[in-house]
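Chain residues, written in single-letter form:
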Amino acid sequence: MSTDRDTDEGAGGVADAARGREGRVRWRKSAAAAVPAVLAVGAMGTVMAQGALAASFAVSGTSFQVSSSKLSSKGLASYVQTDRSVDGKGHPVALLGIGEATLTDICQAAEVDTPLGTVVFKLTAGGPAGEVTASNLVIDGEDLDGDATFGTAQIGRDASTLDRVDGVKGEPGKFGLQAGDIEVVGVKSHAWSATGGNFRLKGMRLSVGLDGKKCF
């Protein structure tokens, strides 16, 4: 024979079970809703690791300096492309894809107009603090100066067939070049963008100043 207590306990058990089911349903819905975001983040990480983001964002209207005492890498691939700023203006660049890059030091500087006047935005790293490293470093540059030593070089190769640096390929029929192990001493470049996976900047220092000095 059932008692009120039995009835209450039964109702409580049903309520607890319902709450448990409700909790599980909510968790599953939340997990399902999170899957696209997780996949998107994973895809973004993969693309960044391949160094393929260099042309996927609008560049600012200001180029900047990049310099290093010495840069070395297991490979280099390059072809011509056009970067675009928000206003739609095009900037022809040589995309330089550099495999596992090691730099003795690095300096990046840009002149920026402000209400107080033109300031120099400057970032430095490496040197006494240790080497700077980046996987699949991609620089969209207007020029590149330095004393270079290349391994096996292929100049005039179709840009769509480049394979020395993961993710760095141009359009079919376009001019491209690539090389094996490289070393460039006294690197100086004016660039519109730079990206890299797993950038490690030892001894990084950032400064902004009206009387700031550029890299070169």
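Residues numbered from 1 in each chain as written. Predicted model: local features only at pLDDT ≥ 70, side-chain atom pairs only at ≥ 80, totals over all residues. Heavy atoms only, no water.

1. Remarks on the overall build of the protein
Put simply, the rule is: Only DSSP runs of H or I covering at least 4 residues are called helices, and only runs of E covering at least 2 are called strands; the numbering of each starts at the N terminus. Only protein chains enter the calculation, and the probe is 1.4 Å; a residue is then buried if its accessible area is under 20% of its type maximum, exposed if over 50%, and partly exposed in between. Residues count as neighbours in contact if any of their non-hydrogen atoms are within 4.5 Å of one another. Surface accessibility follows the Shrake-Rupley procedure with a 1.4 Å probe radius. Residue values consider only the protein chains on display as shielding.
The number of helices and strands found in the protein is one helix and twelve strands. Along the protein, helices and strands appear, N-terminal first, in the series α-β-β-β-β-β-β-β-β-β-β-β-β. Put simply, the protein has 216 residues, and 31% of those count as buried. Sequence-distant contacts in the protein: of pairs separated by 6 or more residues, those separated by 24 or more amount to 76%. For the protein, the computed accessible surface area is about 12800 Å², with 56% contributed by carbon and sulfur atoms.

2. Focus: the pairing of strand S5 (residues 105-114)
Just so we agree on the cut-off: Two strands qualify as a pair provided DSSP detects at least 2 bridges between them.
Bridge count between strand S1 (residues 64-73) and S5: three bridges; the pairing is antiparallel. The partner of Val66 across the bridge, within S5, is Gln108. Summarising the sheet, S5 and strand S6 (residues 117-126) pair through ten bridges and their orientation is antiparallel. Bridge pairing in S6 places Ala109 opposite Lys122. Where S5 folds back onto S6 in an antiparallel hairpin, the turn is made up of two residues.

3. Regarding unusual backbone geometry
The phi torsion at Asn136 lies on the positive side, around 50°, for a residue other than glycine. Its place among the elements puts Asn136 in strand S7 (residues 132-141).

4. Quick notes on a nonpolar patch on the surface
Cut-off, in case you're wondering: Note that patches include only residues with greater than 30% relative accessible area and no salt bridge, and the join distances are 9 Å for like charges and 5 Å for nonpolar side chains (Val, Leu, Ile, Met, Phe, Trp, Tyr). Here a salt bridge means any side-chain nitrogen of Lys or Arg lying within 4 Å of a carboxyl oxygen belonging to Asp or Glu.
Taken together, the side chains of Val112, Phe121, Leu206 and Val208 present a nonpolar region at the surface, about 340 Å² in accessible area. Among the structural elements, Val112 can be located in strand S5. For Val112, a relative accessible area of 36% gives the class partly exposed.

5. Description of the environment of Lys213
With respect to the element layout, Lys213 can be found in the segment after strand S12 (205-209). Residue classification places Lys213 among the exposed residues on the basis of a relative accessible area of 66%. Expressed as a C-alpha distance, the spacing of Lys213 and Ala110, which sit 103 residues apart in the sequence, is 9.9 Å. Filtering out sequence-adjacent residues up to four positions away, Lys213 remains in contact with Val120 and Lys122.

6. Thoughts on the state of the cysteines
Put simply, the rule is: Disulfides are defined as cysteine sulfur pairs within 2.5 Å.
All chains considered together, the criterion is met by one disulfide. Here Cys107 connects covalently by a disulfide to Cys215, the sulfurs 2.0 Å from one another. Taking the sign of the torsion about the S-S bond as the criterion, the disulfide between Cys107 and Cys215, at about -85°, is left-handed. Highlighted residues: Cys107 in strand S5 and Cys215 in the segment after S12, separated in sequence by 108 residues. A relative accessible area of 10% means that Cys107 is categorised as buried.

7. Considering the nonpolar core
For clarity, the cut-off: What we call a nonpolar core is a set of buried Ala, Val, Leu, Ile, Met, Phe, Trp, Tyr and Cys residues that are connected through their side-chain atoms within 4.5 Å.
With 19 residues, the main nonpolar core has Leu71, Ile98, Leu103, Ile106, Leu137 and Ile182 as its most contacted residues. Of all elements in the fold, only S1, strand S4 (101-103), S5, S7 and strand S11 (182-200) reach the threshold of two or more residues within this core. Apart from the residues within four sequence positions on either side, Leu103 is in contact with Ser68, Lys70, Leu71, Glu131 and Val132. Among the nonpolar cores identified, the runner-up in size contains eight residues, and Ala77, Leu162, Val165 and Val168 belong to it.

8. Concerning the pairing of S6
In regular strands, side chains alternate between the two faces of the sheet. Of the strand pairs in this sheet, S6 and S12 are connected by five bridges, and their pairing is antiparallel. Note on S12: the bridge partner recorded for Thr124 is Arg205.

9. What to know about the environment of Gly167
Within the secondary structure, Gly167 is located in the loop between strand S9 (153-158) and strand S10 (175-179). On a C-alpha basis, the gap between Gly167 and Asn136 in space is 8.6 Å, while along the polypeptide they are 31 residues apart.

10. Quick notes on the confidence of the model for the protein
The criterion, for reference: For every residue, the predictor states its confidence as a pLDDT score lying anywhere from 0 to 100.
Per-residue confidence for the protein gives a mean pLDDT of 80, with 74% of residues at or over 70. The weakest mean pLDDT in the protein belongs to helix H1 (residues 4-49) at 42; the strongest belongs to S1 at 97. Ignoring residues within four places in sequence, the model shows residues 17-55, a span with pLDDT below 50, making 19 contacts including any to other chains.

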